[in-house]
Amino acid sequence: MSRRPVRAPVRWARGVRARTAISATVVVAVTLLLAAAALVVLQRQQLVQAVTLLARQQGEAVAQQIRDGGVGTVDLAAVGGASREQTLVQVVTPDGLVVAASSDVEGEQPVSSATTGAGQVDVRSVPELPIGEDDPFVVVVTGVATPDGVVRVITAQSLESVQRSTAVTLTLVGVGYPLLLLAVGVTSYVFAGRALAPVEAIRRRVGEVTAQDLSARVPVPATGDEIARLAETMNVMLGRLQGSAAAQSRFVADASHELRSPLATIRAAAEVSGSHPEAMDWPAAASTVLAETDRLERLVSDLLLLARSDEEGLVMRAEDVDLDDVVVAEAARVRQAGVAEVVVDVRSVRVRGDAQHLVRAVRNLTDNAARYSRSTVTLRLRAQDATAQLEVLDDGPGIVEAERERVFERFVRLDTSRERGTGGTGLGLAITRQVARAHGGDVEVTAPTGSGVRSGARFVLTLPLPAAASWRG
């Protein structure tokens, strides 16, 4: 049994313009249909009420003549009943005799058999009259008290004019309804296209953006509406993408440069040892290779940490960490290396965080201070304003104010006095800021403060205390 091919939906009907036009047309169609139905019904009711009121007024006028002078004084011409077209008037005695009638029903039997008491009025609509009139009528029977009994005054008004008016209205609605819907659909389609023209321009411009050239920006219409805000947001996004791509390109270039240096040193040692083994200082060569391997290992480790952080954030473990113990241990490590004198001013502070990452952040700061200090590194730790504040100071060349924020970027090169040739990977401070912000804190650098301090850098690591900790992955 063969299957019928599934037809894809019509392409034009899937566009925003078409959907907008169809939706507007459907809404207008339903609204107009309800309005037209209400118009026809209300118009018919008003016309029927007008005809009924006329019949009642004529019946009351004849009844008043009977009350004033009796049945014999009835003058139908005086109330317009005998001359008005499609108006029927009859005066019927208590025994059923028609004693007065308009010209159209002279000699005919009563057109209604309804009975009513004196002073009462009976109103009803009938599809036809028993005298051969096929049109619908409104029949009003008014009861009038006389000495001989209750006389009935029957007035009947034809509803033919009501039907004609209703038919005309239906014809106008039937002709105008589809024309109006067509106009609404076409107008909605055209105006939706004009409203979406800026979106199409944005789409074309975004389609021209490539990974090699992210400098293009989408046009921003001067309307100040949602589309203009969309264009502005997309331009901001394109700017971020361009900045991110440029940073990634610089990162790859700098990483390649940093990796090339230790690899070149190791390769040179290997080539010399292979070509002139008898002239090789093997202990010195081994020491050089081990130092460069250690540097290479630190660099790769830092790169992997930053790459994982960029992709999915730092993996954090929440545990109590005695930050003062971490600082004291790092101070002892720097003293043992004999690079600089270490001054420690530490208060007991406990934070909530990932111990491994916090140790790495503190180590990066102390290593950086020891690397650039002339003689002394100072570590201060205290709790202040619901935060733990670690100050790491060195007495080295310092960092000019214009460069203080850039030192936290990856592989940023400053002046030669803080060159990475001293052994750093150029990633330590970037990692420290990443760790600090992941814990809800931050790190910044300023000039040292205090009497007698003329040079150096002051790094301040702030972390929230447990009651104010804010975790971010």
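What counts, and at which threshold
- Residues numbered from 1 in each chain as written.
- Predicted model: local features only at pLDDT ≥ 70, side-chain atom pairs only at ≥ 80, totals over all residues.
- Heavy atoms only, no water.
- Helix = DSSP H or I, 4+ residues; strand = E, 2+ residues; numbered from the N terminus.
- Areas by Shrake-Rupley, 256 points an atom, 1.4 Å probe, with all protein chains shown as cover.
- Core = buried A, V, L, I, M, F, W, Y, C linked by side-chain atoms within 4.5 Å.
- Buried < 20%, exposed > 50% of the residue type's maximum accessible area, 1.4 Å probe, protein only.
- Contact = heavy atoms within 4.5 Å.
- Polar contact = N/O pair within 3.5 Å; in protein donor to acceptor, adjacent residues only side chain to side chain.
- Patch = residues over 30% accessible without salt bridge, like charges linked within 9 Å, V, L, I, M, F, W, Y side chains within 5 Å.
- Salt bridge = Lys/Arg side-chain N within 4 Å of Asp/Glu carboxyl O.
- Pairing = 2+ DSSP bridges.
- Axes fitted to C-alpha atoms, helices over the stretch in contact; angles between N-to-C directions.
- Phe/Tyr/Trp six-rings, centres within 6.5 Å; stacked < 30°, edge-to-face > 60°.
- Lys NZ or Arg CZ within 6 Å of the ring centre and 35° of its normal.
- Left-handed = near helix turned anticlockwise from the far one by under 90°.
- Nonpolar A, V, L, I, M, F, W, Y, C, P; charged D, E, K, R; others polar.

How would you explain the overall build of the protein chain if you had to name every residue and give the values?
When you go through the protein chain residue by residue, the secondary structure sums to seven helices and 12 strands. Only carbon and sulfur atoms are counted for the fraction: they give 55% of the accessible area of the protein chain, which is about 27000 Å².

Summarise the nonpolar core; cite the residues concerned and give the values.
With 42 residues, the main nonpolar core has L427, F459 and L461 as its most contacted residues. Mapped onto this core, the elements with two or more residues apiece are α4 (282–312), α5 (323–337), α6 (355–372), β9 (376–384), β10 (387–394), α7 (428–438), β11 (442–446) and β12 (457–464). Among the elements that line this core, the one with the most residues is α6, at six residues. Excluding residues that lie within four positions of it along the chain, L427 makes contacts with F251, L299, D302, L303, L306, R410 and F411. By size, the runner-up hydrophobic cluster in this structure holds 13 residues, among which are A101, A114, I131 and V139.

Could you give me a rundown of the environment of R458, with the residues and numbers involved?
With respect to the secondary-structure elements, R458 resides in strand β12. Separated by 66 residues in the primary sequence, R458 and V392 place their C-alpha atoms 5.8 Å from one another. With near-sequence residues (within four places) excluded, R458 lies in contact with E391, V392, L393, E444, V445, T446, A447 and P448. A polar atom in the side chain of R458 sits 2.7 Å from the side chain of E391.

Residues and numbers for a nonpolar patch on the surface, please.
Nonpolar side chains collect at one region of the surface, where I22, V26, V30 and L34 lie side by side and expose about 360 Å² of accessible area between them. Looking at the secondary structure, you find V30 in helix α1 (residues 16–69).

Just give me the short version of the pattern of salt bridges, but keep the residues and values in it.
Using the criterion set out here, one finds 21 salt bridges in the structure. Salt-bridge contacts for R204 lead to E200; the nearest nitrogen and oxygen are separated by 3.8 Å. Of the two residues, R204 and E200 both sit in helix α2 (residues 160–208), four residues apart, roughly one turn of that helix. R204 gets classed as partly exposed once you look at its relative accessible area, which sits at 45%. Residues E405 and R433 are paired through a salt bridge, measuring 2.4 Å at the closest nitrogen-oxygen approach. In this pair, E405 sits in the loop between β10 and α7 while R433 sits in helix α7, placing the two residues 28 residues apart along the sequence.

I'd love a proper account of the side chain of S373, names of residues and values included.
Examined against the element boundaries, S373 turns out to sit in the loop between α6 and β9. Using a relative accessible area of 14% as the deciding quantity, one classes S373 as buried. Among all residues touching S373, those that are not within four sequence positions of it are A340, D394, D395 and G396.

So what's going on with the sheet that holds β12? Residues and values would help.
Read across the open sheet, the five strands follow the order β7-β9-β10-β12-β11; overall the sheet is mixed. Whereas interior strands pair on both sides, the edge strands pair on one side only; in this sheet they are β7 (341–346) and β11. Strand-to-strand twist across the sheet, computed as the mean angle between neighbouring axes with direction ignored, equals 15 degrees. One ladder, built from six bridges, connects β7 with β9; its direction is parallel. From the neighbouring strand, V346 faces β9, where its bridge partner is L381.

Any chance you could break down the packing of aromatic side chains for me, citing the residues and the numbers?
Tallied over the full model, the rule gives one aromatic pair. Here F408 and F459 contribute two aromatic rings whose centre-to-centre distance is 6.1 Å and whose plane-to-plane angle is 80 degrees, an arrangement assigned as edge-to-face. Taken together, the residues F408 in the loop between β10 and α7 and F459 in strand β12 connect sequence positions 51 residues apart. For the pair F408 and F459, one class covers both residues: buried. Positioned over the ring face of Y189 is R17, at 4.1 Å from the centre of the ring.

Could you give an account of the packing of α5 against α6, with specific residues and numbers?
Here α5 crosses α6 at 35 degrees, and the two axes come no closer than 10 Å. α5 and α6 meet at a crossing whose hand is right-handed. For the pair α5 and α6, the contacting residues are L323, V326, V327, E330, R333 and V334 in the first and V359, V362, R363, T366, D367 and A370 in the second. Of the residues that constitute the contact of α5 with α6, the class distribution is seven nonpolar, one polar and four charged.

Please give an account of the side chain of T52 that cites residues and values.
Tracing the chain through its elements places T52 in helix α1. Overall, T52 belongs to the buried group, its relative accessible area being 15%. Aside from chain neighbours lying at most four places away, what touches T52 is V123, V138 and V140.

Run through the environment of R56, naming residues and quoting values.
Tracing the backbone through its elements, the reader meets R56 in helix α1. C-alpha of R56 to C-alpha of I154: the two residues are 98 residues apart in sequence and 9.4 Å apart in space. Setting aside chain neighbours within four positions, we find R56 in contact with V121, V123 and V140.

Outline the pairing of strand β8 (residues 350–353), listing residues and values.
Alternating residues of β8 divide into V351 and G353, all buried, and R350 and R352, none buried. Of the strand pairs in this sheet, strand β6 (residues 319–322) and β8 are connected by four bridges, and their pairing is antiparallel. From the neighbouring strand, V321 faces β8, where its bridge partner is V351.

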